[in-house]
Amino acid sequence: MNDDIQRADPAYRRRTLLLLVLAAVVAAIALAFTQRWLYAQALVADPAVAARQLRAWIGMSTLLAGASLLVLAVHAWRQSRRALRAARWPVPGVRVIRDTRVRRGAAVAPIVRWLRVCAMLCVVLAIAAIAIGWRIRTLPY
């Protein structure tokens, strides 16, 4: 095995960190507004109406989480296929956020296997989340 190192791209690392921080801030703000909205609904709305709205929100959130897991599964499977074709990890042409040892040949097989197991696990979890979300949304009120 070759001991090449693929050097990190500092600009890509900064952009990734910025996007993660921004996503965390947006999630915290959304959570605060959702909590405030739920509290207001609990005070004003009829309990049956509040329960229906809450069930609808939980169902949609679960469906969206399942869809996100499917997207992640597709991405992991495609990356594993690219790594297998190139017999190299990280795949040629990608930027990395930290210095990464380049693996070639037979050393790529465990990474491909791991990516495919994770992709299949994501598909199973996505199917479960979508089924549960659909069931929650279609429960009789």
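Placed above this text is the structure.
Below you will find a few notes about this structure. What you see is a predicted model; the values in this text were computed from it and never measured.

Okay, helix α3 (residues 109–138) next. Side chains that are three or four residues apart share a direction in an α-helix, a result of its 3.6 residues per turn. Relative to the 44 Å expected for 30 residues at 1.5 Å per residue, α3 spans 43 Å between its end C-alpha atoms, a close match to the ideal helical length. Those residues of α3 lying buried are Ile 111, Val 112, Leu 115, Ala 119, Cys 122, Ala 126, Ala 129, Gly 133 and Ile 136. Looking at the packing, one finds that the buried side of α3 touches α2 (47–86), β2 (88–89) and β4 (103–104).

On to the packing of helix α1 (residues 10–44) against α2. Running from N to C, α1 and α2 point in directions that differ by 155°, and their axes come no closer than 10 Å. Overall, the two elements α1 and α2 adopt an arrangement that is roughly antiparallel. Contacts from Trp 37, Leu 38 and Gln 41 in α1 reach Ala 50, Gln 53, Leu 54 and Trp 57 in α2. When its residues are assigned to classes, the contact of α1 with α2 shows 5 nonpolar, 2 polar and no charged.

Criteria and thresholds
Residues numbered from 1 in each chain as written. Predicted model: local features only at pLDDT ≥ 70, side-chain atom pairs only at ≥ 80, totals over all residues. Heavy atoms only, no water. Helix = DSSP H or I, 4+ residues; strand = E, 2+ residues; numbered from the N terminus. Expected span 1.5 Å × (residues − 1). Buried < 20%, exposed > 50% of the residue type's maximum accessible area, 1.4 Å probe, protein only. Contact = heavy atoms within 4.5 Å. Axes fitted to C-alpha atoms, helices over the stretch in contact; angles between N-to-C directions. Parallel < 35°, antiparallel > 145°, perpendicular 65-115°, else oblique. Nonpolar A, V, L, I, M, F, W, Y, C, P; charged D, E, K, R; others polar.

In short, the description is geometric, and any link to function would need to be established separately.
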